[in-house]
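# Summary of the model geometry
One-letter residues, chain by chain:
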Amino acid sequence: MRRADVVIVGGGLAGLSAAVTLCAKSNLDVALIERKGIGSNKAVRAVFSEAIDEFELRDSVLQNYPSYIFHSPLGALARYDYGRVALSGIDYHKACLILHERALRHGLQVVQATATHWSPIMPDFDQPLQIHLNNGESIQAQILIDASGPAQWAARLLRIQRSTYLSICYGE
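Keep in mind that this is a model prediction, so the values were computed, not measured.

## Considerations on the overall build of the chain
For the chain, the count of helices and strands is four helices and 13 strands. In terms of its C-alpha atoms, the chain occupies a principal-axis envelope of roughly 50 × 40 × 25 Å. In the chain, once contacts between residues fewer than 6 apart in sequence are set aside, the share between residues at least 24 apart is 62%. For the chain, the exposed area adds up to about 10400 Å²; of that, 53% sits on carbon and sulfur atoms. Each charge sign in the chain was given a centre, from 16 positive and 16 negative side chains, and these centres are 7 Å apart.

Take a look at the structure:
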């Protein structure tokens, strides 16, 4: 059985930015579980400029936007002008690969598998989680970060209502 201090489920922008931060700024042993491939999800390609700067992702920027327009399903329109570049459209896969390479240099372990469940069924602060994978392996960790996006892996396993909200990375 593998051991890590932190396990992250999901190899998209959220999971990889958490991995880079933890690997580069702590002595924690971090494992990332991704089933399809790094940056393979169909995520929103708009990121706030602060994240571009913080994670040095300028090479992935396709276009900058100084305003944001929201169209509701009922036809309402809301526009917010930031007065500066606030959002950037990015090459999502390229941004993920940049973060992935940086996290690997800082010791990230990547496991290509599907996280199926954990034990004990109800997490207990006194006992580490054992995250079970579809390849028969398991990883023991004290902390689990669910960065599975719309799949909401942990919420599904805990049988709690999943969020219906759409988020933009590093939203305001």
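Following the structure, the description resumes.
## A few points about the side chain of Ser88
Tracing the backbone shows Ser88 in strand E8 (residues 87–90). Residue Ser88 is classed as buried on the basis of its relative accessible area, which comes to 2%. Among the polar contacts made by the side chain of Ser88, one reaches the side chain of Asn64 at a distance of 2.6 Å. Contacts of Ser88, omitting those with residues within four sequence positions, involve Arg45, Ala46, Val47, Ile52, Val61, Gln63, Asn64 and Tyr65.

## Considering the pattern of salt bridges
Inspection of every chain in the model, using the stated rule, returns five salt bridges. Across the pair Glu137 and Arg2 runs a salt bridge, and its minimum N-O distance is 3.1 Å. Taken together, the positions of Glu137 in the loop between strand E11 (129–133) and strand E12 (138–141) and Arg2 in strand E1 (residues 2–3) put the pair 135 residues apart, joining distant regions of the chain. The exposure class of Arg2 is partly exposed, given its relative accessible area of 29%. A salt bridge links Arg84 to Glu50, with the nearest nitrogen and oxygen atoms 3.6 Å apart. Of this pair, Arg84 sits in the loop between strand E7 (77–81) and E8 while Glu50 sits in helix H2 (residues 49–54), placing them 34 residues apart in sequence. Given a relative accessible area of 39%, Arg84 falls into the partly exposed group. When its relative accessible area of 43% is taken as the criterion, Glu50 is described as partly exposed.

## Some points on the sheet that holds strand E2 (residues 6–9)
Taken in spatial order, the four strands make up an open sheet running E9-E3-E2-E13, and their pairing is parallel. Looking along the sheet, the strands with just one partner apiece sit at the ends: strand E9 (109–112) and strand E13 (143–146). Neighbour-to-neighbour, the strand axes of the sheet open up by a mean angle of 20°, direction not taken into account.

## Brief notes about the sheet that holds E1
The mixed open sheet is built from four strands, whose spatial order is E1-E12-E11-E10. The open sheet is flanked by E1 and strand E10 (115–119), the only strands paired with a single partner. When E1 meets E12, the two strands line up parallel, connected through two bridges. Its bridge partner lying in E12, Arg2 is registered against Ile139.

## Re the pairing of strand E6 (residues 67–71)
By the bridge criterion, five bridges tie E6 to E7 in an arrangement that is antiparallel. Counted as the bridge partner of Ser67 is Asp81 from E7.

## A look at the environment of Ala155
Mapped onto the elements, Ala155 comes out in helix H4 (residues 153–158). A residue is classified by how much of its surface remains accessible, and Ala155, at 12% relative accessible area, is buried. Taking the C-alpha atoms as reference, Ala155 lies 19 Å from Ala18; in sequence the two are 137 residues apart. For Ala155, the contacting residues outside a window of four places in its chain are Asp146, Ile160 and Arg162.

About the cut-offs
- Sequence order as written defines residue numbering, which begins from 1 separately in each chain.
- Only residues with pLDDT of at least 70 are given local features in this predicted model, and only at 80 or more are side-chain atom pairs given and counted; all residues enter the totals for whole chains, interfaces and linings.
- Think of the side-chain values as coming from all heavy atoms in the structure, minus any hydrogens and water.
- The way it works is that DSSP assigns letters per residue, a run of H or I at least four long becomes a helix, a run of E at least two long becomes a strand, and they are numbered from the N terminus.
- What makes two residues a contact is simply this: any of their non-hydrogen atoms within 4.5 Å.
- Here, Shrake-Rupley sampling with a 1.4 Å probe gives the accessible areas, and only protein chains in the shown set may cover a residue.
- Counted as positive: Lys and Arg. Counted as negative: Asp and Glu, with His and the chain ends omitted from the count.
- All charge positions are set by atom: Lys at NZ, Arg at CZ, Asp at CG, Glu at CD.
- The classification of residues rests on relative accessible area computed with a 1.4 Å probe and restricted to protein chains. Under 20% of the type maximum is buried, over 50% is exposed, and intermediate values are partly exposed.
- We define a polar contact as two N or O atoms separated by no more than 3.5 Å, with the added condition that, inside protein, one atom must be a possible hydrogen donor and the other a possible acceptor, whereas residues neighbouring each other in sequence contribute only through side-chain atom pairs.
- We count a salt bridge whenever a side-chain nitrogen from Lys or Arg sits within 4 Å of a carboxyl oxygen from Asp or Glu.
- In short, DSSP must find at least two bridges between two strands for them to pair.
- Lines fitted to C-alpha atoms define the axes here, with helix axes fitted over just the stretch in contact, and angles between the N-to-C directions of these axes take values from 0 to 180 degrees.

So yeah, pure geometry; function would need other evidence.
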